[in-house]
Amino acid sequence: MLLTSLLGMSGHLRDSVCAAEWNAGVAKQIITPEKAVWLAGYGSKRAPDGKLHDLWMKALALDDGQGGRAVLITSDFQGVPKSMSDRVFRQLAENFGLERRQVMFTFSHNHCGPRLGDDLIDYYPIDANQVRLVQEYTSLMVDKVVELVGEAISNVAPASLQTGEGTTSFAVNRRNNRESQVPALRAQGIPLKGPVDHSVPILTVTRPSGKLVVILFGYACHPTTLQFTKWCGDYPGFAQLEIEQAHPGVTAMFVNTCGGDQNPLPRRSVELCRQYGHMLAVAVEKAMQSPLKSVPPGLRTAFEYVELSYLKVVNREDLSVGMRSEHPVRARWAARLAEQMDQGAIFPSSYPYPVHAWRLGNQILIIGMGAETVVDYALRFKQEFGPRTWVCGYTDDMIAYIPSRRVWEEGGYEGGWNLYEYGRPAYRWAGDIEDRVAASVHKLVQRVSPAERRPGNHYPHRN
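Thresholds applied
- Counting from 1, residues in each chain are numbered in the order their sequence is written.
- In keeping with the predicted nature of the model, local features appear solely for residues at pLDDT of at least 70, side-chain atom pairs appear and are counted solely at 80 or more, and the whole-chain, interface and lining totals rest on all residues.
- For side-chain calculations, the full set of non-hydrogen atoms in the structure is used, while hydrogens and water are omitted.
- Secondary structure is summarised from DSSP: a helix means a run of H or I of at least four residues, a strand means a run of E of at least two, and numbering begins at the N terminus for each.
- Partly exposed residues are those whose accessible area sits between 20% and 50% of the maximum for their type, while under 20% is buried and over 50% is exposed, using a 1.4 Å probe and protein chains only.
- The salt bridge criterion pairs a side-chain nitrogen of Lys or Arg with a carboxyl oxygen of Asp or Glu, the two atoms within 4 Å.

Details of unusual backbone geometry
A cis amide bond links L265 to the next residue, P266, at an omega of -5°. On the secondary structure map, P266 appears in the loop between β10 (262-264) and α7 (270-289). Positive phi is not limited to glycine here, since L120 has a value of about 50°. With relative accessibility at 3%, the residue L120 sits in the buried group. Here the phi dihedral of R268 falls at roughly 75°; this positive angle occurs in a residue that is not glycine.

A word on helix α10 (residues 375-385)
Within α10, burial applies to V375, D376, Y377, A378, F381 and K382. Downstream of α10 by a residue or two, G386 has a phi angle that is positive, lying close to 110°.

Structural notes on the pattern of salt bridges
It is possible for side chains bearing opposite charge to pair when their charged atoms get close. In total, this model carries 25 salt bridges according to the counting rule given. The partner of E99 in a salt bridge is R101, and the shortest N-O contact between them spans 2.8 Å. Look at E99 and you get partly exposed, because its relative accessible area is 40%. In this structure, R267 and E179 form a salt bridge, with 3.2 Å as the shortest nitrogen-oxygen distance. A residue pair is termed long-range when its members are at least 10 positions apart, and R267 in the loop between β10 and α7 and E179 in the loop between β6 (171-173) and α5 (182-187) qualify at 88 residues.

Here it is in structure tokens:
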């Protein structure tokens, strides 16, 4: 079912747009692999056998007309590793003068997308041909990102921005609710347990003519409705397709906010996947029916790496035990690190964690954080910085789960001893992880406060 029944109610949006004060450009490219790169995630070999729909990468370039500019990249990838995104950032700096603070490279964490680089390297059986295909595809994607950003910049033209928020409720805290029990609990009207963030923030980009060109939206939930071997964007993919079909000429863009401990439940069927995509698309459309707030021009960006300490770096004895594990991922991880140790490698005691803060006018604060942040981060930062705060995980680097202090103390999959699955030279983060992340976020939010101003170059734009 499409959103046509709602379109008449949202038409006032284009009639009430304020005068264009921003400059914005958008571009998108299909990224569906043409060769048999395995699907990413789930800890096993999954060779593709077709597609439900294409995978996409999209870019939104913003220029506030006052020297501030930034580019947001969204994608249907499961995880972008640092080894790939660093190449992208270097080329964007060389080609377009974009600083690290001015680019967020997000990925939906879709598990029906392709492998990239050394992301989750020990998840998969060693296969020389597959390694070659992944390397080729990853290099192709680096080139495509740079091309995509260049296209978005070339499309920059006057625009206005507006923001609002909807809600939808299919995300469930998977730590506190058994998947098999969720349908019965819902049918009985029994509240599910655990923290969630059901908000659906939206940002629209509209030309002075009233033409709507971009709908950016977010939600906090794993795109793991499906576990088969066909290319598909999972529920975010279906939501974007539905929105674009309802609004011809619009580019719909999705960011995963803080869904590290959230699942779409129940799941594991295409019907449910389409249903969740539809629910999300309807939430976006309903938000657009409500009065949206204009975002005045003004763009400030800040970035830093904060070192997240490991609880204990593995030693040779730890790796010897790991190599005898019956868990194939752990055994491959231990063997790979043992080989590196034999070659003289010294493992670091921490990992450089990427943190962004962007402020758009006085309406939106976007916090971008690497990897699989749990929902506590979104709830905390929205309380501390206000309801117009977008807290995005899955930005720049697919590192591991990033637990809050609460989740770390509770343990379990997201807070426990599973860093080996992500190739890290440790089993667990140190317990101060939330304190370190929060201190960095607060520092960067202060840096983008209205009291400070950082110079930048304008994008050339079309009249």
